Amino acid sequence: MLDGAPVASTIPSSQLHRVFREADDRERVSGVPVTKLHVGEPYFTPPPEVAQALAQAVTTGRTEYTAVEGLLELRERLVRKLADENGVDTDVSRLFVTPGSCQGLAALMQAVAEPGAEILLPELHWPIHLQQALLAGLRPVFYPLGRDYRTDPESVLAAATANTRVLLINSPANPTGAVLDTPTLRALIDMARARGWQIISDEAYEHFVFDGEHVSTASLERDVPVPERIVHSSYSFSKSLAMTGYRLGYLSTATDRTAQAVRIVQEANLIAMSTPVQYAGLEALRLGHVVRQNHTMVRTNRDDVLPAVHDAGLLPELPAGGWYAVLDIAPTGLSAEEFAAGLLKTRNVAVVPGTGFALMPRLDARGRVTSAEPAPWSRHLIRIAMCVAPQVLRDGVRELLEFARDRRGAA
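Conventions we followed
Residues numbered from 1 in each chain as written. Predicted model: local features only at pLDDT ≥ 70, side-chain atom pairs only at ≥ 80, totals over all residues. Heavy atoms only, no water. Helix = DSSP H or I, 4+ residues; strand = E, 2+ residues; numbered from the N terminus. Rg over C-alpha atoms; globule rule 2.2 N^0.38 Å. Buried < 20%, exposed > 50% of the residue type's maximum accessible area, 1.4 Å probe, protein only. Contact = heavy atoms within 4.5 Å. Areas by Shrake-Rupley, 256 points an atom, 1.4 Å probe, with all protein chains shown as cover. Expected span 1.5 Å × (residues − 1). Salt bridge = Lys/Arg side-chain N within 4 Å of Asp/Glu carboxyl O.

### Overview of the overall build of the chain
- Across its full length, the chain carries 13 helices and 14 strands.
- A compact globule built from 411 residues would reach a C-alpha radius of gyration of about 22 Å, and the chain, at 21 Å, matches this within 12%.
- Judged by the C-alpha coordinates and their principal axes, the chain covers about 60 × 50 × 45 Å.
- Residue burial in the chain is summarised as follows: out of 411 residues, 56% are buried.
- Considering only contacts in the chain between residues 6 or more positions apart, those separated by 24 or more positions represent 76%.
- Entry remark: accessible area of the chain is about 16900 Å², with carbon and sulfur atoms responsible for 51%.

### Observations regarding helix α12 (residues 336–347)
- Helix length check: α12, at 12 residues, gives a terminal C-alpha distance of 16 Å against a target of 16 Å (1.5 Å per residue), a fit within 8%.
- For α12, the set of buried residues is Ala 336, Phe 339, Ala 340, Gly 342, Leu 343 and Leu 344.
- The first or second residue beyond α12 is Asn 348, which carries a positive phi of 55 degrees.

### Overview of the pattern of salt bridges
- Evaluation of the coordinates by the stated rule reveals 22 salt bridges.
- Close ionic contact of Glu 402 with Arg 347 constitutes a salt bridge, the shortest N to O distance being 2.9 Å. Highlighted residues: Glu 402 in helix α13 (residues 390–410) and Arg 347 in helix α12, separated in sequence by 55 residues.
- Taking relative accessible area as the criterion, Glu 402 reaches 26% and is therefore assigned partly exposed.
- Here Arg 368 and Asp 364 are joined by a salt bridge, their closest N and O atoms 2.8 Å apart. Of the two residues, Arg 368 and Asp 364, neither departs from the other in class, the shared state being buried.
- Residues joined by salt bridges that share partners form a network here, namely Arg 347, Asp 395, Arg 398, Glu 399, Glu 402 and Asp 406.

Shown next, in the form of structure tokens:
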């Protein structure tokens with residue numbers, strides 16, 4: 001019953017968290033280690049200099065409030081990083097340090113939301129993006145992806161309605177690893193500008209592009225006057241420097257108007273970021289060589305292990321970027337849920353059913369979710385993480401392929 005139910009209580013929980021709990025429960029009950037391919041936790045760790053910077057901030061008393069936007073020294077350094085590495089022209093007045101890119105994305109959505117507005121999301125999406133949109137009061141509309149999971153501007157346009165106000169872009173993408181090139185991004189920006197849309201660009205995996213190069217969406221409008229810009233960008237320390245538990249990210253807003261809206265959202269939600277964590281981030285920005293090493297480790301995992309999955313007919317092509325691969329296990333005759341449950345039960349390998357990345361919620365007039373069924377085409381997809389330790393990935397993929405072969409033989 002929805003009578004009197006708040007919107008948040010109707011939003012489905014992420015399947016990622018369900019699988020996480022199931023894997024932990026199995027490990028605890030059975031006493032047998034689970035090969036964890038379900039979660040994006042890297043096997044490399046933050047550099048020791050990062051921990052030392054955090055500890056030094058604590059022991060020397062640098063624990064006072066900072067401005068709601070974040071530590072000025074860190075924001076100044078991030079402005080230079082965006083200019084030098086991303087080609088993005090911004091200013092400290094439009095730059096916000098956030099407790100992870102996840103919270104930053106949520107703040108952005110709250111800042112640009114308006115009553116009845118729709119946000120365009122890819123049909124295969126990170127489930128947290130959907131939760132963030134619903135909590136912000138945005139009504140999700142989904143655009144189809146091509147066979148290679150890349151965004152086709154014409155498909156985006158066909159999905160749009162008169163109520164579209166926001167387009168979310170995620171490149172490299174979670175869960176697919178798809179990377180968008182400059183012509184595609186230009187077409188999307190031109191389309192959005194002509195129709196009065198805002199763009200939110202999630203670039204958490206910016207340093208993990210293996211085929212081609214990463215193009216920051218906002219870099220393509222650096223010659224546009226600031227008041228006319230439409231691309232808001234989100235970045236993370238969690239991936240590039242493995243600082244997942246530090247909870248540190250940052251936003252670059254397109255305009256002063258949006259920056260003021262984000263400022264109000266953050267005043268209400270945060271008061272201020274953790275000060276010692278910001279000093280850790282300042283030190284992390286000096287360690288570009290570690291970022292390059294981490295890129296190489298994930299790329300090596302992809303190139304050494306995933307070709308066997310491709311050869312088995314479960315992966316159309318190697319992911320161009322990111323930390324994940326989406327497999328199609330239709331040849332086994334099992335649904336994604338059946339495959340994931342069987343793999344965990346018989347092989348102690350945890351993966352995530354793709355249905356959790358393809359929920360298509362229906363909403364009532366008040367924005368409450370009345371149903372949330374996965375898209376039918378997702379019922380044979382699973383996601384695996386390739387950022388885990390090389391031997392873990394090799395062992396997990398070997399077990400996965402043997403399980404798939406057994407099921408094919410039984411089908």
